[in-house]
Amino acid sequence: MTGRFYVTTPIYYVNGAPHIGHAYTSIAADIVARFNRLAGKDVFFLTGTDEHGQKVEQAAQAAGEEPQAFTDRISADFRAVADAMDISYDDFIRTTDPRHKAGAQALWEKVAANGDIYLGAYEGWYALRDEAFYGEDEITTRADGTKVAPSGAPVEWMREPSYFFRLSAYQDRLLELYETHPEFIGPAGRRNEIVSFVKQGLRDLSVSRTSFRWGVPVPGDADHVMYVWFDALANYLTALGYPDANAPRMAFWPASLHMVGKDIARFHTVYWPAFLMAAGIDLPHMVFSNGWWTVEGEKMSKSLGNVIDPRDLVAEFGLDPVRFFLMREVPFGGDSDVSRRSLINRMNVELANDLGNLGQRTLSLIARNCGGALPAQAARTEADNHLLGQAAILPDVMTQQIGRVALTDALEEVWKLIRACNAYIDHQAPWALKKTDPERMAAVLRVLADALRVIATVLQPYMPGSMDRMLTQLGAEAGERSFAALETPLPAGRILPKPEGIFPRFVEPEIGDAK
RNA sequence: GGCGGCGUAGCUCAGCGGUAGAGCAGGGGAAUCAUAAUCCCUUGGUCGGCGGUUCAAAUCCGUCCGCCGCUACCA
């Protein structure tokens, strides 16, 4: 069951510093990428940064830097976070890359050639002071009749020449897409919102600006630069070498999965497929949007000063516990809260107690009673078969769940097996068999080692570093860690390294005041 | 305002027509291989309120209350 799999994160806007939300989306995409590699797929995993627009231009100015120098710096910071979180991306695209600019322009020309881009005028309430347009609902009228933006800046009705994309022409085709491919938008709740949005009727979309220069020039009209979405969304194609149909990476198109934050779900499920239809390009298979994180019950915001840099969490708790926590805490797709208490609790209960301790007790029994070598498989009891049967179907069960991006549910399946292993070892009591029936003891420990191997194998995408260590301790060599390799038992007698704890309990360094 | 979702044990949630479930937290017990970890048993809910359909409703319908999401150019 091989094949290609192309998964993307959003390209992150370099307007602000990377925070836990960015890391969350990237980790989710990383898990899907790693899981598909384990399943034998040829995977291409893309991440990157979105670097154009007026806000960046202004932020650079505020920082006293040239836009390019500014974006170089912030983009590098996003890349550093991706590396710190062990995101296994194959390429990092920047919208300031020459390859991207050329590709975005090619896409524009293709859509224009199809007759879906025309010159018009963008109108709206404009605040000169903010250099920004505001929506009707954001404008308040003062007692003296003047209209002002939320910032308090006076606004006036402005017209700016702009190219438009004929989005209105795609309403029916988009609805048909949602109808015939319900899996295109995930999770399901998000799909309902998008469908009702499109049913309300679509207006043409302004896709260029003349009010700032920091962007991709519109082909054939140097007065305009592309406005955010046409530029940004194109990255998923330009990274593959578009418009060169013969570029080796183009074989990965169409994308299997665009992982996005819920704030940009609409752009990926309405604008993007419409652009692609206009360009005669195949559509991605799925756009899955995740929710927001709150911190200790409060919304993350600069003004509250509670914005979390994921690197700080990693520094204190370690990378894999953080990756695990973010995927485990709540059903993927919804909003959730990160708090010290919940993080430490997950870490100690599920990683240290359930999984870490299971590995440690099993491996130290083998080390002490089996000469430190992997025991042979032996005749199995009903209990053995039950446990191993549960383990054997785990990769398939998880494949189903990862396929619908049910990343939390997939983890729950693993933990069912871990709990079953803890019950099994207690009921079998190999430490007692040691005196009464050493052969059976060895058989029991081998059953546990085999179950643990499955557990560690399927958890690799979630916790690559820790599971690498666990597999090493279980005697699984580099070529013995894929789903396919699970078909072949490890040879009996293989010498195992000395067991070492993988998930230490987290103890608060100091007694702090609760809450 | 319109559309949609949610409201089930102290907490986070699953169940979505047939005598209320899981994990965590709480209580009791067992064991002692292990990271004082584990295992077994257990307390606990009139499934938001009120009506209706049905032999039977967390589960379907109506209504009310309370939260939340979406409602286009803001990532």
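Residues numbered from 1 in each chain as written. Chains lettered and ligands numbered in written order. Predicted model: local features only at pLDDT ≥ 70, side-chain atom pairs only at ≥ 80, totals over all residues. Heavy atoms only, no water.

### Section: the overall build of chain A
Part 1 of the reasoning: Each helix and strand counted, chain A has 18 helices and 18 strands in total.
Part 2 of the reasoning: For chain A, the spread of C-alpha atoms along the principal axes amounts to about 90 × 55 × 40 Å.
Part 3 of the reasoning: By the burial criterion, 55% of the 515 residues in chain A qualify as buried.
Part 4 of the reasoning: Partitioning the contacts of chain A with sequence separation of at least 6, the portion at a separation of at least 24 is 75%.
Part 5 of the reasoning: Accessible area of chain A: about 22700 Å², with a carbon and sulfur share of 51%.
Part 6 of the reasoning: When the 51 positive and 66 negative side-chain charges of chain A are each reduced to one mean point, those points stand 4 Å apart. (Helix = DSSP H or I, 4+ residues; strand = E, 2+ residues; numbered from the N terminus. Buried < 20%, exposed > 50% of the residue type's maximum accessible area, 1.4 Å probe, protein only. Contact = heavy atoms within 4.5 Å. Areas by Shrake-Rupley, 256 points an atom, 1.4 Å probe, with all protein chains shown as cover. Lys, Arg positive; Asp, Glu negative; His and termini not counted. Charge placed at Lys NZ, Arg CZ, Asp CG, Glu CD.)

### A few points about unusual backbone geometry
Part 1 of the reasoning: Cis geometry is adopted by the peptide bond preceding Pro-187, which originates at Gly-186 and carries an omega value of -5°.
Part 2 of the reasoning: Counting through the fold element by element, Pro-187 comes out in the loop between β9 (185-186) and α6 (188-199).
Part 3 of the reasoning: Backbone geometry at Val-405 places phi at a positive 60°, although glycine is not the residue there.
Part 4 of the reasoning: Note that Val-405 resides in the loop between α14 (394-403) and α15 (407-428).

### Examining the protein's contact with RNA strand B
Part 1 of the reasoning: Lining the immediate surroundings of RNA strand B are 44 residues, of which Tyr-13, Arg-203, Asp-263, Arg-266 and Asn-357 lie closest.
Part 2 of the reasoning: Within 4 Å of the protein, the contacting atoms of RNA strand B are 60% sugar and phosphate, with bases supplying the remainder.
Part 3 of the reasoning: Arg-266 is positioned such that a nitrogen or oxygen atom in its side chain is 2.3 Å from a phosphate oxygen of RNA strand B.
Part 4 of the reasoning: Separating a sugar or linking oxygen of RNA strand B from a side-chain N or O atom of His-427 is a distance of 3.3 Å.
Part 5 of the reasoning: The set of elements that each furnish at least two residues to the surface near RNA strand B consists of β1 (4-13), α6, β10 (205-206), α9 (265-279), α12 (340-369) and α15.
Part 6 of the reasoning: In terms of residue count, the dominant contributor to the surface near RNA strand B is α12 (11 residues).
Part 7 of the reasoning: Its residues assigned to classes, the surface near RNA strand B shows 18 nonpolar, 11 polar and 15 charged. (Near = heavy atom within 4 Å. Polar contact = N/O pair within 3.5 Å; in protein donor to acceptor, adjacent residues only side chain to side chain. Nonpolar A, V, L, I, M, F, W, Y, C, P; charged D, E, K, R; others polar.)

### Some thoughts on the pairing of strand β2 (residues 42-50)
Part 1 of the reasoning: By the criterion of burial, β2 is predominantly enclosed, with 8 of the 9 residues buried.
Part 2 of the reasoning: Relative to β2, β1 is paired through 8 bridges, and the arrangement is parallel. Directly across from Tyr-6, in β2, lies its bridge partner Phe-44. (Pairing = 2+ DSSP bridges.)

### A look at the confidence of the model for chain A
Part 1 of the reasoning: Across chain A, the average pLDDT comes to 91, with 96% of residues at 70 or higher.
Part 2 of the reasoning: Across residues 511-515, where pLDDT falls below 50, the model places 0 contacts with residues more than four positions away in sequence or in other chains.
Part 3 of the reasoning: Both scores are given for the predicted complex: the pTM is 0.94, the ipTM 0.92. (pLDDT = per-residue confidence, 0-100.)

### Focus on helix α10 (residues 310-317)
Part 1 of the reasoning: Among the residues making up α10, those that are buried are Pro-310, Leu-313, Val-314 and Phe-317. Angularly, the buried residues of α10 cover 100° about the axis, an arc narrow enough to put them on a single face. For α10, exposure combined with an orientation more than 90 degrees from the buried face picks out Asp-312 and Ala-315.
Part 2 of the reasoning: Those residues of α10 hidden inside the fold are in contact with α1 (20-38), α3 (67-84), α11 (319-328) and α12. (Arc of directions from axis to C-beta.)

### Overview of the environment of Val-148
Part 1 of the reasoning: The residue Val-148 is located in strand β7 (residues 147-148) in this model.
Part 2 of the reasoning: Judged by relative accessible area, Val-148 falls into the buried class, the value being 5%.
Part 3 of the reasoning: For the pair formed by Val-148 and Trp-125, sequence separation is 23 residues and the distance between their alpha carbons is 9.1 Å.

### Remarks on the pattern of salt bridges
Part 1 of the reasoning: Within this structure, the stated rule accounts for 29 salt bridges.
Part 2 of the reasoning: Between Arg-190 and Glu-193 there is a salt bridge, with its nearest N and O atoms 3.1 Å apart. In this pair, Arg-190 and Glu-193 are both assigned in helix α6, 3 residues apart and thus about one turn of the helix distant.
Part 3 of the reasoning: What makes Arg-190 buried here is its relative accessible area of 16%.
Part 4 of the reasoning: Residue Glu-350 pairs with Arg-346 through a salt bridge whose shortest N-O separation is 3.0 Å. With Glu-350 and Arg-346 both in helix α12, this residue pair falls 4 residues apart, about one helical turn. (Salt bridge = Lys/Arg side-chain N within 4 Å of Asp/Glu carboxyl O.)

### A short note on α12
Part 1 of the reasoning: In α12, a bend of some 35° at Gly-356 exceeds every other bend along the element.
Part 2 of the reasoning: Count one or two residues on from α12 and you reach Gly-371, which has phi positive near 65°. (Bend = angle between axes of the 7 residues up to and from the residue.)

### Focus on the nonpolar core
Nonpolar side chains in soluble globular proteins tend to be buried together.
Part 1 of the reasoning: Residues Met-327, Leu-355, Trp-415, Leu-459, Tyr-462 and Met-463 are the most contacted members of the largest nonpolar core, which totals 104 residues.
Part 2 of the reasoning: Ranked by the residues each element gives to this core, the list is headed by helix α17 (residues 438-459), at 13 residues.
Part 3 of the reasoning: Not counting residues up to four positions away in its chain, the partners in contact with Leu-355 are Glu-350, Trp-415, Ile-418, Leu-452, Ile-455, Leu-459, Met-463, Met-467, Met-470 and Phe-503.
Part 4 of the reasoning: The next biggest cluster of nonpolar side chains, apart from the first, holds 58 residues, and it includes Tyr-163, Leu-177, Ile-185 and Ala-278. (Core = buried A, V, L, I, M, F, W, Y, C linked by side-chain atoms within 4.5 Å.)

### Things to note about the packing of aromatic side chains
Part 1 of the reasoning: With the rule as written, the count across this model stands at 22 aromatic pairs.
Part 2 of the reasoning: One aromatic cluster is present, formed by Tyr-6, Phe-44, Tyr-236, Phe-252, Trp-253 and Trp-272 through successive ring pairs.
Part 3 of the reasoning: Here the guanidinium or amino end of Arg-209 rests over the ring plane of Tyr-227, the centre of that ring lying 3.8 Å away. (Phe/Tyr/Trp six-rings, centres within 6.5 Å; stacked < 30°, edge-to-face > 60°. Lys NZ or Arg CZ within 6 Å of the ring centre and 35° of its normal.)

### Description of the sheet that holds β9
To summarise the sheet geometry, strands pair through backbone hydrogen bonds and adopt either a parallel or an antiparallel arrangement.
Part 1 of the reasoning: Strand order in the open sheet formed by 6 strands is β3-β2-β1-β14-β15-β9, and the pairing between neighbours is parallel. Each of the sheet's edge strands pairs with one partner strand only, and the pair in question is β3 (91-94) and β9.
Part 2 of the reasoning: Of the strand pairs in this sheet, strand β14 (residues 257-261) and strand β15 (residues 287-290) are connected by 4 bridges, and their pairing is parallel. Bridging from a neighbouring strand, Val-260 pairs with Ser-289 of β15.
Part 3 of the reasoning: Relative to β14, α9 is tilted by about 140°, and along the sheet it contacts β9, β14 and β15. (Axes fitted to C-alpha atoms, helices over the stretch in contact; angles between N-to-C directions.)

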